[in-house]
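# An overview of the molecular structure
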Amino acid sequence: MTHLVPVSSNSLDVEGNSEKQSSVLGHRGRPFFVAVHVGAGYHSPSNSKAYCRAMRRACMAAASVLSEGGGRSMDAVVSAIKVLEDDEITNAGKGSNLTEDGSVECDASVMDGLTGAFGAIGAAPGIKNAVEVAAMLAKESLAGPLPLGRIPPIFLVGDGAREWATKHGIEAARDAGEARKYLVSKRAKEQWIHYTKMVDTYNTQDVQRRQANTLELRSCSKTTAILQETSAVKIDGEKTFAEPAHVEDLVLDTVGAISVDSEGNISAGASSGGIAMKVKGRVGVAAQYGCGCWASSKPQSEGTSVGCCVSGAGEVIIRGLAACECCSSAQKSETGPGPACETFISKMMESQETFGGTNDAGILLVQLDASEVNRATTRPKLGAVELVAAFTSRSFGVGYYGSLMKAPKTEIFRKPQSDKVGLFATHVNNSSRSNDI
């Protein structure tokens, strides 16, 4: 059974005069739409307001790009995700989950639906805003070949990504110490100490199992199981957490954003610090082509313009090519994007059961109303959109904002235990010339 999760009346979570300001921004500027998420997993109720504040600020940042001047959809995606990366509450950029050795390695990707341009970095150390590097790679790929006819890169990893970013004027740490100072938050460090102690305790209690399953213990599924099942332990005589780690937050992977500009061009992006205690060098779903994000603004050949970003247990999503396949399913669906996303995520998780591990995943998808295509040019113009959030995790944080809305709406959606898939779907009008369905 699918649970349709409503947006509550208090989901706006507006502070001060932001509602008034955003209303003016929307009505005077160009039409736009932006949606963001802060990961699939478990979000503690005590942190819900902090997550919603971050999403609201991300929506406003994207709106400021899209509603004024000539801001394009990919620039808006970057602006939104940078806000989420800079907020310690999310698992991206500053405050990211730490690797086994206690460092931050970030993944990110962006895709422009109009040109198909894609850029990504993986397991990159010391980069303040990974999405900024991914976007520059995407843009550089459109500039033509490098000297001697070399093909410009679209995906860089590790220190190579950091060095490329520095050469192109993007802020990055000069050394490991500087990286730790900015990227490692107090909360992430405390969690890392706690998790390290938990893993050590687990290994000590059953040496034989550790020796027989060394690789399993280091895998996403086993590590997640350990973090979820082990109670808080004492470090230097004091508990790092008063409760088991999963009572706080267990956000498995990405943050993401989808934006549509006034011309109907759609872009999507994702950024992540990866799973907690990941193996150094692991590249997760946020950086993988067709997995973490996807966008297409070619309705004449592919049906409707659509964008998607995905979060959750990375290895499962990577094997399912989640973002690309979900967009394709929505474009082909005769029943609408909501049922298409629900069916897709359910089948994807079922198909991966052989591999074991957690079944947590979340999909955020935006599809332009097919009736908004300009018949003379077969190009979309932004009018109404369909927004879908489908998830199998315990919770999924989502925010969205359109040019006719007074303020961004944000919500931490929670799936009842009895439901297989949580689903939220809504129709949003963004132009006075369009009519609600």
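What counts and how
Residues numbered from 1 in each chain as written. Predicted model: local features only at pLDDT ≥ 70, side-chain atom pairs only at ≥ 80, totals over all residues. Heavy atoms only, no water. Phe/Tyr/Trp six-rings, centres within 6.5 Å; stacked < 30°, edge-to-face > 60°. Helix = DSSP H or I, 4+ residues; strand = E, 2+ residues; numbered from the N terminus. Buried < 20%, exposed > 50% of the residue type's maximum accessible area, 1.4 Å probe, protein only. Pairing = 2+ DSSP bridges. Arc of directions from axis to C-beta. Contact = heavy atoms within 4.5 Å. Core = buried A, V, L, I, M, F, W, Y, C linked by side-chain atoms within 4.5 Å. Expected span 1.5 Å × (residues − 1). Polar contact = N/O pair within 3.5 Å; in protein donor to acceptor, adjacent residues only side chain to side chain. Salt bridge = Lys/Arg side-chain N within 4 Å of Asp/Glu carboxyl O. Axes fitted to C-alpha atoms, helices over the stretch in contact; angles between N-to-C directions. Parallel < 35°, antiparallel > 145°, perpendicular 65-115°, else oblique. Left-handed = near helix turned anticlockwise from the far one by under 90°. Patch = residues over 30% accessible without salt bridge, like charges linked within 9 Å, V, L, I, M, F, W, Y side chains within 5 Å. Areas by Shrake-Rupley, 256 points an atom, 1.4 Å probe, with all protein chains shown as cover.

## Things to note about the packing of aromatic side chains
Given two aromatic rings, one states the distance between the centres and the angle between the planes to describe the pair. All told, the structure shown has seven aromatic pairs when counted by the stated rule. Ring geometry for Phe32 versus Tyr401: centroids 5.2 Å apart, planes at 75°, classification edge-to-face. One end of the pair, Phe32, is in the loop between α1 (18-28) and β2 (33-43); the other, Tyr401, is in strand β17 (residues 395-402), and 369 residues separate them in sequence. Side by side, Phe32 and Tyr401 carry an identical accessibility label, which is buried. With a centroid separation of 5.9 Å and 45° between ring planes, the pair formed by Phe391 and Phe396 is classed as tilted. With respect to burial, Phe391 and Phe396 carry one shared label: buried.

## With respect to the pairing of strand β13 (residues 361-368)
Burial analysis of β13 places eight of its eight residues in the buried class, the great majority of the element. Neither face of β13 is left uncovered, since the one carrying Ala361, Ile363, Leu365 and Gln367 and the one carrying Gly362, Leu364, Val366 and Leu368 both have all their residues buried. With seven bridges joining them, strand β12 (residues 306-312) and β13 adopt antiparallel strand pairing. Its bridge partner lying in β13, Gly307 is registered against Val366. Relative to strand β16 (residues 384-391), β13 runs antiparallel, the two being bridged by seven bridges. Its bridge partner being in β16, Val366 is matched across the sheet by Leu387.

## Some words on helix α5 (residues 158-167)
Inspection of α5 places Gly158, Ala161, Arg162, Trp164 and Ala165 among the buried residues, and these make up the whole buried set. With its buried residues spanning 165° around the axis, α5 presents them on a single face. The inward-facing, buried residues of α5 contact β4 (118-125), α4 (130-141) and β5 (155-157). Once α5 ends, the next one or two residues include Gly169, with phi positive near 80°.

## Notes on the nonpolar core
In terms of nonpolar packing, the biggest core is built from 118 residues, with Phe33, Val36, Leu364 and Val366 touching the most fellow members. Looking at this core element by element, the count peaks at 12 residues for helix α2 (residues 48-67).

## A few points about helix α3 (residues 73-86)
Under the 1.5 Å per step criterion, the end-to-end length of α3 is 20 Å for 14 residues, consistent within 8% with the ideal 20 Å. Every buried residue of α3 is accounted for by Ser73, Met74, Ala76, Val77, Val78, Ala80, Ile81, Val83, Leu84 and Glu85. On its buried face, α3 sits against β2, α2, β3 (105-112), α4, β9 (255-260) and β10 (266-272).

## Examining the side chain of Arg282
Relative to the helices and strands, Arg282 is located in the loop between β10 and β11 (293-296). Residue Arg282 is classed as buried on the basis of its relative accessible area of 11%. A polar contact is formed between the side chain of Arg282 and the side chain of Glu315, at a distance of 3.0 Å.

## Points about the environment of Cys327
Within the secondary structure, Cys327 sits in helix α14 (residues 322-332). Cys327 gets classed as buried once you look at its relative accessible area, which sits at 1%. Here the alpha-carbon distance between Cys327 and Phe344, two residues 17 residues apart in the chain, equals 9.8 Å. When residues no more than four places from it in sequence are discounted, the contact partners of Cys327 are Trp294, Val306, Gly307, Cys308 and Leu365.

## Observations concerning the side chain of Asn129
Among the structural elements, Asn129 can be located in the loop between β4 and α4. A polar contact is formed between the side chain of Asn129 and the side chain of Glu85, at a distance of 2.9 Å. A distance of 3.1 Å separates polar atoms of two side chains, one belonging to Asn129 and the other to Asp86. Residues in contact with Asn129, not counting those within four places in the same chain, are Lys82, Glu85 and Asp86.

## As for the pattern of salt bridges
Evaluation of the coordinates by the stated rule reveals 11 salt bridges. Salt-bridge contacts for Arg162 lead to Asp159; the nearest nitrogen and oxygen are separated by 3.7 Å. Linking Arg162 with Asp159, this pair stays in helix α5, spanning three residues, or about one helical turn. Take Arg162: its relative accessible area is 18%, and that puts it in the buried class. With a relative accessible area of 43%, Asp159 lands in the partly exposed category. Here Glu315 ties to Arg282 by a salt bridge, and the two come within 3.0 Å at their closest N and O atoms.

## Brief notes about the packing of α2 against α3
Put simply, α2 and α3 touch, their axes get as near as 8 Å, and they point 155° apart. Here α2 is positioned roughly antiparallel relative to α3, judged by the angle of their axes. Crossing hand, α2 versus α3: right-handed. Touching Ala54, Met55, Arg57, Ala58, Ala61, Ala62, Val65 and Leu66 of α2 are Ser73, Asp75, Ala76, Ser79, Ala80, Val83 and Leu84, all from α3.

## Here's the deal with the pairing of β2
β2 sits mainly inside the fold: 11 of its 11 residues count as buried. By the bridge criterion, five bridges tie β2 to β9 in an arrangement that is antiparallel. Paired with Phe33 across the bridge in β9 is Val260. Here β2 pairs with β17 via seven bridges, running antiparallel. Residue Phe33 lies in a different strand from β17, and its bridge partner there is Gly402.

## Examining a nonpolar patch on the surface
On the surface, Ile154, Phe155 and Val157 cluster together to form a nonpolar patch covering roughly 230 Å² of accessible area. Looking at the element boundaries, Val157 is found in strand β5. By relative accessible area, Val157 is classed as partly exposed at 47%.

Any link to function would need more than the numbers given here.
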